[in-house]
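Fold and geometry: a report
Residue strings, one per chain:
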Amino acid sequence: LSWTEDPTGGWVTSGDNISYSAGDVTFTGASYNLVWDKSDSALEFADSAKAIFGAGNDLEIYSDGSTCFLKADDLRFRSLGNETTARFIANGAVKLYWDGLTKFETSNTGATVTGTLVADGLTVDNVSVGKGANSVTANTVLGQNALDAAVSGVGNTAIGHSSLTELTSGTN
């Protein structure tokens, strides 16, 4: 490192990819720089400069100038009480928790909500809610044991406990 006097009366040091001036320290990388800005009390990363954590680069944090990235194979958010609140698994599930219990989880077949789901609207293609042994599409089933019979035809609607539990055929 070498020291030279700054025109403003301070001292500046530079060399070995580190420079110091007026309380700021700049770390010069091969492609991107990092600055400790004394006046902002902030560690400032240039666009695309990464903060990497862990011996195996377990976590990367960076911004490319328009998008911010958090990269990890198993990213978990925890409350101050050390309780997992969300988990994002590479090539796998997303899980959201309430009081330590999984309440929402994605899988390769869709998503599961545990508990009550409240929505102000719902649109579902080829609705099938309930057990139902129906063998065709476009049947609507609402109720326990509804549409338990083998049903052929299109547009059957079973609403209520044990509705359409006998063998049925036809349309509408």
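Before going further, it helps to spend a moment on unusual backbone geometry. Positive phi, close to 75°, is recorded for Ser-48, a residue that is not glycine. Relative to the helices and strands, Ser-48 is located in the loop between β6 (42–45) and β7 (51–53). Not every positive phi belongs to a glycine, and Asn-91 is a case in point at roughly 55°. Locating Asn-91 in the fold gives a position in the loop between β11 (84–89) and β12 (94–98).

Relative to the assigned elements, Leu-70 resides in strand β9 (residues 68–71). As for Leu-70 and Ala-51, which are separated by 19 residues in sequence, their C-alpha atoms are 9.8 Å apart. Beyond its immediate stretch of four places on either side in the chain, Leu-70 contacts Glu-60, Ile-61, Leu-75 and Phe-77.

Going through the model one piece at a time under the given rule, you end up with 4 salt bridges. Arg-76 is the salt-bridge partner of Asp-74, the closest N and O atoms lying 3.1 Å from each other. Among the salt bridges present, the one from Lys-95 reaches Glu-105, with a minimum N-O distance of 3.6 Å. Of this pair, Lys-95 sits in strand β12 while Glu-105 sits in strand β13 (residues 101–107); the two residues are 10 residues apart in sequence, bridging distant segments of the chain.

What follows covers a nonpolar patch on the surface. A surface patch of nonpolar side chains, amounting to about 510 Å² of accessible area, comprises Phe-53, Ile-61, Leu-70, Phe-77, Phe-88 and Leu-96. By the secondary structure assignment, Phe-77 is in strand β10 (residues 74–78). For Phe-77, a relative accessible area of 40% puts it in the partly exposed group.

Along any regular strand, the residues point their side chains to alternate faces of the sheet. Summarising the sheet, strand β8 (residues 59–63) and β9 pair through 4 bridges and their orientation is antiparallel. Across the sheet, residue Ile-61 finds its bridge partner in β9, namely Leu-70. Linking two consecutive strands that pair antiparallel, namely β8 and β9, is a turn of 4 residues; a positive phi of about 110° is found at Gly-65 within it.

Turning our attention to the confidence of the model for the protein. Per-residue pLDDT for the protein has a mean of 77; in total, 61% of the residues score no lower than 70. Across the protein, β12 holds the top mean pLDDT of 96, while strand β1 (residues 2–5) sits lowest at 54. Contacts of residues 130–136 to residues separated by more than four positions or lying in other chains number 22 contacts, the stretch itself having pLDDT below 50.

Glancing now at the packing of aromatic side chains. For the structure on display, the rule yields 2 aromatic pairs. Residues Tyr-62 and Phe-69 carry aromatic rings whose centres are separated by 4.9 Å and whose planes lie at 20° to one another, so their mutual orientation is stacked. Accessibility expressed as a relative area gives 28% for Phe-69, which makes it partly exposed. Residues Phe-77 and Phe-88 carry aromatic rings whose centres are separated by 5.9 Å and whose planes lie at 85° to one another, so their mutual orientation is edge-to-face. Remark: Phe-88 occurs in strand β11 and Phe-77 occurs in strand β10; sequence separation between them is 11 residues. Residue classification places Phe-88 among the partly exposed positions, given a relative accessible area of 33%. Directly above the aromatic system of Tyr-62 lies the positively charged group of Lys-50, at a separation of 4.9 Å from the ring centroid.

Reading the values: rules and limits
- Residues numbered from 1 in each chain as written.
- Predicted model: local features only at pLDDT ≥ 70, side-chain atom pairs only at ≥ 80, totals over all residues.
- Heavy atoms only, no water.
- Helix = DSSP H or I, 4+ residues; strand = E, 2+ residues; numbered from the N terminus.
- Contact = heavy atoms within 4.5 Å.
- Salt bridge = Lys/Arg side-chain N within 4 Å of Asp/Glu carboxyl O.
- Patch = residues over 30% accessible without salt bridge, like charges linked within 9 Å, V, L, I, M, F, W, Y side chains within 5 Å.
- Areas by Shrake-Rupley, 256 points an atom, 1.4 Å probe, with all protein chains shown as cover.
- Buried < 20%, exposed > 50% of the residue type's maximum accessible area, 1.4 Å probe, protein only.
- Pairing = 2+ DSSP bridges.
- pLDDT = per-residue confidence, 0-100.
- Phe/Tyr/Trp six-rings, centres within 6.5 Å; stacked < 30°, edge-to-face > 60°.
- Lys NZ or Arg CZ within 6 Å of the ring centre and 35° of its normal.

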